[in-house]
Every structure is written in C-alpha cells, then in structure tokens.
Amino acid sequence: MLTGSDHSFWREEKELDTEFDPEADPVEYEREEVKFTKACHAPLDEIIITHKGEISLCCLEWKRKHCFGSLHKHSMADILNSEKVQRIYKNLLRGKRTLDICKRCNCAR
C-alpha cells in the first residue's frame, strides 16, 4: 500500500519499445495457447492509447508488449495504416492469431 510520502512508484519511468516487430521473440504470457480460429474484431473496434501515447493492440493485452507506435513520433493514421499493423489486423479478421497474446486468447469480439 502506498503511504502519503511514498511516491516512488509514480516517479518510476519505464521505456516502451515502440518499434513493434511481430516476428520477434514472443512475449511470454502465463496462459497456455488455445486453438481458437474465430475472427477477432477488437483491434478494429477500439483504439487503445496508453498514458504514454502508445497505441496498443487491445484492452486484453495488459502487459502492453504489442504497442504499434507512439503518437509523440507518428500520426495515428500513419501507425494504423502501417504495413505491420495492417497485416496483423487482416490475420485477426481471418482468425489467424499470430501474436503470442492472440494465440492465448479465446475472445472473438
């Protein structure tokens, strides 16, 4: 529990890797992979912007390991229309879950 004088948690800065590479080593999530092949529309239905201005994959990706880019560096249109993001979106619409977090998700929102 934070006390009135303990503000070190809020001062801690963590840098995010904004250059997302879907072919990079997978992010480890504790849940086992599921064989779920339904289309996922979540990234197309919502845009997740973190407190640091990063655009993230979806609200269930709580570790924020799959951030597509920073609004401090690029426009939202440039980030969402990038080749990598478009490839991930198209795969999800086909039920192809290539990202580690998506392989462990059984949502079809």
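Residues numbered from 1 in each chain as written. Predicted model: local features only at pLDDT ≥ 70, side-chain atom pairs only at ≥ 80, totals over all residues. Heavy atoms only, no water.

> Can you help me understand the overall build of the protein chain in this one?
For the protein chain, the helix and strand inventory stands at five helices and three strands. Listing the helices and strands of the protein chain from first to last along the sequence gives α-α-β-β-β-α-α-α. Counting all 109 residues of the protein chain, 34% fall into the buried class. Of the contacts made within the protein chain by residues no fewer than 6 positions apart, 65% connect residues no fewer than 24 positions apart. Carbon and sulfur atoms provide 52% of the accessible area of the protein chain, an area that totals close to 7,600 Å². (Helix = DSSP H or I, 4+ residues; strand = E, 2+ residues; numbered from the N terminus. Buried < 20%, exposed > 50% of the residue type's maximum accessible area, 1.4 Å probe, protein only. Contact = heavy atoms within 4.5 Å. Areas by Shrake-Rupley, 256 points an atom, 1.4 Å probe, with all protein chains shown as cover.)

> What is the right way to look at the confidence of the model for the protein chain in this model?
Parts of the model with low pLDDT should not have their predicted coordinates read in detail. When pLDDT is averaged along the protein chain, the result is 77, and 71% of the positions lie at 70 or above. Mean pLDDT values for the elements of the protein chain range from 46 in helix α1 (residues 8–11) up to 94 in helix α3 (residues 76–80). Low pLDDT, under 50, characterises residues 7–18; the predicted model gives this stretch 14 contacts beyond four residues in sequence or across chains. (pLDDT = per-residue confidence, 0-100.)

> Got a minute to help me understand the packing of aromatic side chains in this structure?
The geometry of two aromatic rings is summed up by the distance between their centres and the angle between their planes. Counting across every chain of the model gives one aromatic pair. Centre to centre, the rings of Phe-68 and Tyr-89 are 6.3 Å apart; their planes meet at 80°, and the pair counts as edge-to-face. With Phe-68 in strand β3 (residues 67–70) and Tyr-89 in helix α4 (residues 83–93), the pair connects residues that are 21 residues apart, well separated along the chain. Considered together, Phe-68 and Tyr-89 belong to a single accessibility category, that of buried residues. (Phe/Tyr/Trp six-rings, centres within 6.5 Å; stacked < 30°, edge-to-face > 60°.)

> I would appreciate a short explanation of the sheet that holds strand β1 (residues 48–49) in the present structure.
Strand-to-strand pairing in sheets goes through backbone hydrogen bonds, with the strands running parallel or antiparallel. Reading across the sheet, the three strands line up as β1-β2-β3 and stay open at both edges, with antiparallel pairing between neighbours. Across the chains shown, the open sheet's two edge strands, defined by having one partner strand only, are β1 and β3. (Pairing = 2+ DSSP bridges.)

> Would you take a moment to explain α4 for this structure?
All of the buried residues along α4 are Val-85, Ile-88, Tyr-89, Asn-91 and Leu-92. Seen from one end, α4 has its buried residues packed into an arc of 160°, which puts them on one side. Looking at the buried residues of α4, the elements they touch are α2 (42–45), β3, α3 and α5 (100–103). One or two residues past the end of α4 sits Gly-95, with phi positive at roughly 80°. (Arc of directions from axis to C-beta.)

> How do you make sense of empty space enclosed by the protein when you look at a structure like this?
To find leftover empty space, one rolls a probe the size of a water molecule over the atoms. Per the stated rule, a full pass over the model turns up one cavity of 30 Å³ or more. Here the largest cavity defines a volume of roughly 100 Å³. Taken together, 13 residues line the largest cavity, and the ones lying closest to its centre are Cys-40, Cys-58, Arg-97, Cys-102 and Cys-105. Of all the secondary structure elements, the ones that give two or more residues to the lining of the largest cavity are α2 and α5. Of the residues in the lining of the largest cavity, the class split is eleven nonpolar, no polar and two charged. (1 Å grid on protein atoms, 1.4 Å probe; cavity = no way out; pocket = protein on both sides within 12 Å on 5 of 7 lines; lining within 4 Å. Points joined across faces, edges and corners; volume = space filled by probe spheres on them. Nonpolar A, V, L, I, M, F, W, Y, C, P; charged D, E, K, R; others polar.)

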